[in-house]
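Examination of the molecular architecture
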Amino acid sequence: TNLLRELTIWRRAKVIKINPDPPQLSIRRAALLEGKVVYVAIPQLRGEKCFIELDPEKLGPSRLRRASSIRGALAHGRVVAPAEMRPVDLI
């Protein structure tokens, strides 16, 4: 995660799409703590609204760590369709 955070593309990105897999937990957490909007695909959901939007400004500092887990994202994030997503800077 530390090497990723040093990359210029990471530092410039404001909106990131990150896999929901457990190994990416630290990346989701780092993005949220740095104020980046994170989109996570909802596992095994094939409906129209298949992403969770995690906006650090709307979550507030007390929920950032919890929201980085899938369970926390489902509890605190906003379910959106691809058409509702902001333009993604980094996947």
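Overview of the structure. All values derive from a computational prediction rather than experimental measurement. (Residues numbered from 1 in each chain as written. Predicted model: local features only at pLDDT ≥ 70, side-chain atom pairs only at ≥ 80, totals over all residues. Heavy atoms only, no water.)

1. Thoughts on the pairing of strand E3 (residues 51–54)
Covered by surrounding structure in E3 are Phe51 and Glu53 together with Ile52 and Leu54, the residues of both alternating faces. Strand direction decides the pairing type here: strand E2 (residues 37–41) and E3, joined by four bridges, are antiparallel. Counterpart to Ala41 in the pairing with E3 is Phe51. With three bridges connecting them, E3 and strand E4 (residues 78–80) associate as antiparallel partners. (Buried < 20%, exposed > 50% of the residue type's maximum accessible area, 1.4 Å probe, protein only. Helix = DSSP H or I, 4+ residues; strand = E, 2+ residues; numbered from the N terminus. Pairing = 2+ DSSP bridges.)

2. With respect to the nonpolar core
Nonpolar side chains in soluble globular proteins generally cluster together in the buried interior. By size, the foremost hydrophobic cluster in this structure holds 17 residues, and its most contacted members are Trp10, Ile16, Ala31, Leu32, Val38, Leu54 and Leu59. Sorting the residues of this core by element identifies helix H3 (25–33), E2, E3 and helix H5 (64–67) as the ones contributing at least two each. Sort the elements by how many residues they give to this core and H3 lands first, with three residues. (Core = buried A, V, L, I, M, F, W, Y, C linked by side-chain atoms within 4.5 Å.)

3. Some points on the sheet that holds E3
One open sheet accounts for four strands, arranged E1-E2-E3-E4; its pairing is mixed. The sheet is open, and its two borders are formed by strand E1 (15–17) and E4, each paired with just one other strand. Between one strand axis and the next, the sheet turns through 25° on average, direction left out of account. (Axes fitted to C-alpha atoms, helices over the stretch in contact; angles between N-to-C directions.)

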